[in-house]
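Here is what each chain is made of, one letter per residue.
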Amino acid sequence: MKKIVISTGGGDAPGLNAVIYAVTKAANLRGWEVYGSRSGYKGLLDLDELVRLSPEKVADITPTGGTILGSTNKGNPFAMPVENLAGDVQIRDVSDRVLSNFKRMGFHCHIAVGGDGSLEIAHRFALKGMPVIGIPKTIDNDLEATVMTFGFDTAVSTATEALDKLHSTAKSHDRVMVVEVMGRESGWIALCSGISGGADVILIPEITFNIEKVCEKINDNELHDKHYAIVVVAEGAQTGEGGVICKEGEVGRQEVLLGGIGEWVAGQIRKITGKDTRSLVLGHLQRGGSPTTFDRLLALRFGAAAVRLAEAGTFDHMVALASPEMTAVPLEVAIKSRKRVPLHCDKVLTAREIGICLGD
Ligand code: F6P
C-alpha cells in the first residue's frame, strides 16, 4: 500500500481544500494512505505535525476557503529562520531533516500545492531525491505553464463585486474611487476585475502609466456628464517617476510586500483634477471565502490529476491546465518564468475598445 503526503505552502488561495479533498479521495480509491503536512513543511520537520487524512476527515471541505493544513510563506526548509538558545534567529538549511523524515515515513511521493516560491522549493527537493508532484496555486494567476491557477477566479469575482458596489457611492458623491488590488508583478486581477466591474481606468504593472493620462480620462468623464470615476490599480503598477511602491522588501524578491500605490494615485488625482478622491485597498479579502465553482472544479481536477501522476510515477512535474485537458509540465520549466499580461492580448484590446484608459 502506498503512502503519500500533501502540503500547502505560500499565501493561501480559495480552492486549496478542494485540492486536499480530491487528493485524499483519489488516493483512497487506490487503497493508498494520505497524510497532510501542517504549515508547509512543518509536518515533515516534526512528525507530530503530520495529520492522517481520510475521506471522512475531508468530507465537507470542498466549498470552504483557506486550507485545513495551514500555510506559511516563511517556511522554506532550505533557508529556515531558526532560533538558537540565546534567542538569536539564524537562517539554516534543514532540508536533510525533511528528506530523512519523508523516507522514515515510507512516503511514495509528496504533492506540493503552491505558487512559484513553493514550487521552486519542491523542485529543489526533487533534485535531492524526493519524488515530488506540484499543483499550481495562486490568486495572481502568474504561472506561465498553466492556462489558469485556482484561486484567481474567486479573487477576480470578489474584486468585481467590490467594484460593482463602489459605483453607487462614487456616483452619489461625484467622487473618484481608487481601488488597489493584489497580483504582485502581474496585472491579471486588476485587468479582469476592472473590465468586468466597469472601471474607467485600469493600471497594471505591464504598462507604465502616466498620471496626466489618467486625469485626462477623469476630466473627459465630466464632459460626458459622468461626474465620478472608478480607477483600479494593481499593487505592482509602476508610475513613470516613482517606480513600484513597497511596504517592505524590494521588488523582484520573494519576500516583497507591495502596497501603497492606490493611495499615491488617489493623491495625484486629487491634486491634478481637484476631484474629491478616495482610495481603498481590497487586500486579503481577495484571498478569502468560498471558492467559485470554476475554482472548485479546477482544484478538484488538479488534485485528481496529481494522484494519476503519482500512480504513473511521473515525478518532478507540475499538473497544468492546457484547456480542455490536464497535462504535466516539468517543474524546472514551470518555475522558469512568470506569466504577465501580454500588451496586445485580447483582454487588453477589449479594455481599450470599451473606452477604458490603461494609463498610457
Ligand atoms: O501571491 C499572492 C498574494 O496575495 C499577492 O497577490 C500579494 O502581493 C501577496 O500574496 C501578499 O502576501 P501576504 O499574505 O504575505 O500579505
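Everything numeric in this text was worked out from a predicted model, so none of it was measured. (Residues numbered from 1 in each chain as written. Predicted model: local features only at pLDDT ≥ 70, side-chain atom pairs only at ≥ 80, totals over all residues. Heavy atoms only, no water.)

Re the side chain of Thr146
In this structure, Thr146 sits in the loop between β7 (132-136) and α5 (152-172). Here Thr146 falls in the buried class, since its relative accessible area comes to 1%. At a separation of 2.9 Å, a polar atom in the side chain of Thr146 contacts the main-chain carbonyl oxygen of Met148. Here the side chain of Thr146 touches Leu321 through a polar contact of 2.9 Å, landing on its backbone nitrogen. Sequence-distant contacts of Thr146, that is, excluding residues within four places in its chain, are made with Pro136, Phe302, Met318, Ala320, Leu321 and Lys339. (Helix = DSSP H or I, 4+ residues; strand = E, 2+ residues; numbered from the N terminus. Buried < 20%, exposed > 50% of the residue type's maximum accessible area, 1.4 Å probe, protein only. Polar contact = N/O pair within 3.5 Å; in protein donor to acceptor, adjacent residues only side chain to side chain. Contact = heavy atoms within 4.5 Å.)

Here we look at the sheet that holds strand β2 (residues 33-37)
Reading across from one edge, β3-β2-β1-β6-β7-β14-β15 is the order of the seven strands in this open sheet, with mixed pairing throughout. Looking at which strands have only one partner, the edges of the open sheet turn out to be β3 (50-53) and β15 (325-330). In this sheet, adjacent strand axes meet at a mean angle of 30° when their direction is disregarded. With five bridges joining them, strand β1 (residues 3-8) and β2 adopt parallel strand pairing. Looking at the pairing, Lys3 lines up with Glu33 of β2. (Pairing = 2+ DSSP bridges. Axes fitted to C-alpha atoms, helices over the stretch in contact; angles between N-to-C directions.)

A word on the sheet that holds strand β10 (residues 229-234)
Judged by pairing direction, the sheet is parallel, and its four strands sit side by side in the order β9-β10-β8-β13 without closing on themselves. For this open sheet the edge positions go to β9 (201-203) and β13 (277-281), each flanked by a neighbour on one side alone. Sheet twist, expressed as the mean angle between neighbouring strand axes with direction ignored, is 15°. In terms of strand pairing, strand β8 (residues 176-181) meets β13 through five bridges, oriented parallel. The partner of Met177 across the bridge, within β13, is Arg278.

Describing the domain arrangement of the protein
Annotation of the protein at the domain level lists domain 1 (3-150 + 291-323) and domain 2 (153-287 + 342-353). Computed over C-alpha atoms, the centres of domain 1 and domain 2 are 33 Å apart. If you look at the interface, domain 1 gives 13 residues, while domain 2 gives 13 residues. Of the roughly 1200 Å² buried between domain 1 and domain 2, counting both surfaces, carbon and sulfur atoms make up 49%. Applying the counting criterion to the domain 1 and domain 2 interface returns four salt bridges. Its salt-bridge partner being Asp116, residue Arg184 comes within 2.8 Å of it at the nearest N-O pair. Along the contact surface separating domain 1 from domain 2 lie six residue pairs in polar contact (both at pLDDT 80 or more). When residues of the side of domain 1 that touches domain 2 are traced back to their parent elements, those giving at least two are α4 (116-127) and α9 (293-312). Per-class residue counts for the side of domain 1 that touches domain 2 are four nonpolar, four polar and five charged. (Domains from an automatic or database assignment. Buried area = accessible area lost by both parts, 1.4 Å probe. Salt bridge = Lys/Arg side-chain N within 4 Å of Asp/Glu carboxyl O. Nonpolar A, V, L, I, M, F, W, Y, C, P; charged D, E, K, R; others polar.)

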